[in-house]
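# Descriptive structure summary
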Amino acid sequence: QKEVEQDPGPLSVPEGAIVSLNCTYSNSAFQYFMWYRQYSRKGPELLMYTYSSGNKEDGRFTAQVDKSSKYISLFIRDSQPSDSATYLCAMGGPYNQGGKLIFGQGTELSVKP
Amino acid sequence: GAGVSQSPSNKVTEKGKDVELRCDPISGHTALYWYRQSLGQGLEFLIYFQGNSAPDKSGLPSDRFSAERTGGSVSTLTIQRTQQEDSAVYLCASSLAVIAKNIQYFGAGTRLSVL
């Protein structure tokens, strides 16, 4: 079993839809939770970063972390064609155990105009 | 300022040849990471550097893989006697320091194809 599980999709939605992306994990030592966005043939870029349970909002994006369930989510409101990319969840920690990140497989998202 | 730079962006090689992949981190970043992304897969950790030392090499797939970092800056990932299963995108990231809460910034990667 992988430490981080993520449905690879692909996921196709119409423009304006709400998108929900999810990851589950098994290592309770993870303390930092990130979502990266990766466009085709580009490197991943950080989208959202959280280190505790709860919600964090940034514009059209909301990240949720539920440590008790070992489950994280990313919501995209009013999705746009420019949101079409692969979304990778990543996890790290504990604080003093180096900065190695464990990534999910990535979910390929396509937003159709 | 400049981001993480990787070269070459693409590399095609024949099975059995050695290859070197280069990473230039963001200036001032002491931590440097190498990951591998195979087709349809997430990123797989290979090795990280704190300064010039590599405390964690646990992700290197075999002894054909090695990496070094000089002057606390540029890093080179070397793959000896390449095999077809080495074909992947090799990504480098850097961060201010080697602690879990620091954000990692990625380069665009080197796309390696072993024929």
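We now turn to the structure provided with this report. Quick caveat: nothing in here was measured; it's all calculated off a predicted structure.

Rules of the game
- Residues numbered from 1 in each chain as written.
- Chains lettered and ligands numbered in written order.
- Predicted model: local features only at pLDDT ≥ 70, side-chain atom pairs only at ≥ 80, totals over all residues.
- Heavy atoms only, no water.
- Helix = DSSP H or I, 4+ residues; strand = E, 2+ residues; numbered from the N terminus.
- Buried < 20%, exposed > 50% of the residue type's maximum accessible area, 1.4 Å probe, protein only.
- Contact = heavy atoms within 4.5 Å.
- Areas by Shrake-Rupley, 256 points an atom, 1.4 Å probe, with all protein chains shown as cover.
- Lys, Arg positive; Asp, Glu negative; His and termini not counted.
- Charge placed at Lys NZ, Arg CZ, Asp CG, Glu CD.
- Buried area = accessible area lost by both parts, 1.4 Å probe.
- Salt bridge = Lys/Arg side-chain N within 4 Å of Asp/Glu carboxyl O.
- Polar contact = N/O pair within 3.5 Å; in protein donor to acceptor, adjacent residues only side chain to side chain.
- Pairing = 2+ DSSP bridges.
- Axes fitted to C-alpha atoms, helices over the stretch in contact; angles between N-to-C directions.

## Observations regarding the overall build of chain B
Of regular secondary structure, chain B possesses zero helices and 11 strands. For chain B, the α and β elements follow one another from N to C terminus as β-β-β-β-β-β-β-β-β-β-β. Expressed as a percentage of the 115 residues in chain B, the buried residues total 48%. At a minimum sequence separation of 6, the contacts of chain B that also span at least 24 residues come to 55%. Put simply, chain B shows about 5,300 Å² of open surface, and 45% of that area lies on carbon and sulfur atoms. Taken as two groups, the 11 positive and 10 negative side-chain charges of chain B have centres that lie 3 Å from each other.

## Some points on the interface of chain B and chain A
At the junction of the two partners, chain B supplies 24 residues and chain A supplies 22 residues. For the chain B and chain A pair, buried surface summed over both sides reaches about 1,800 Å², with 57% attributable to carbon and sulfur atoms. The tally of links between chain B and chain A comes to one salt bridge. Residues B:Asp56 and A:Lys100 are paired through a salt bridge, measuring 3.9 Å at the closest nitrogen-oxygen approach. Summed over the shared surface of chain B and chain A, the result is four residue pairs in polar contact (both at pLDDT 80 or more). Listing elements by their share of the side of chain B that touches chain A, those giving two or more residues are β4 (31-37) and β5 (43-50) of chain B.

## Quick notes on the sheet that holds strand β1 (residues 5-7) of chain B
Residue and element names in this part refer to chain B. Read across the sheet, four strands follow the order β1-β3-β8-β7 without closing on themselves; strand pairing throughout is antiparallel. Edge positions in the sheet fall to β1 and β7 (65-69), since each has one partner strand and no second. Looking at each pair of strands side by side, their axes are set apart by 15° on average, direction ignored. Where strand β3 (residues 19-24) meets strand β8 (residues 75-79), five bridges bridge the pair, whose relative direction is antiparallel. Across the sheet, Leu21 pairs through a bridge with Leu77, a residue of β8.

## Things to note about the side chain of A:Gln6
All names here are of chain A. By the element assignment, Gln6 lies in strand β1 (residues 4-6). Looking at Gln6, its side chain comes within polar contact range of the main-chain nitrogen of Cys89, at 3.4 Å. Engagement of the side chain of Gln6 in a polar contact is seen with the backbone nitrogen of Gly106, the distance being 2.9 Å. Filtering out sequence-adjacent residues up to four positions away, Gln6 remains in contact with Asn22, Cys23, Trp35, Tyr87, Leu88, Cys89, Gly104, Gln105, Gly106 and Thr107.

## Details of the pattern of salt bridges
All names here are of chain A. Under the defined criterion, the tally for this structure stands at seven salt bridges over all chains. Arg77 serves as the salt-bridge partner of Glu57, at 3.4 Å between the closest nitrogen and oxygen. Taken together, the residues Glu57 in strand β6 (residues 54-58) and Arg77 in the loop between β8 (71-76) and β9 (85-92) connect sequence positions 20 residues apart. Take Glu57: its relative accessible area is 58%, and that puts it in the exposed class.

## Description of unusual backbone geometry
Cis peptide bonds are those with omega within 30 degrees of zero, and the linkage from A:Gly9 to A:Pro10 qualifies with 10°. Looking at where A:Pro10 falls in the secondary structure, it is placed in the loop between β1 and β2 (11-14). For the peptide bond that leads from B:Ser7 to B:Pro8, omega is -10°, which places it in the cis range. Within the secondary structure, B:Pro8 sits in the loop between β1 and β2 (10-13). Positioned with a positive phi, A:Lys70 is a non-glycine residue whose angle comes to about 55°. For A:Lys70, the location among the structural elements is in the loop between β7 (61-66) and β8. The exposure class assigned to A:Lys70 is partly exposed, which follows from its relative accessible area of 25%.

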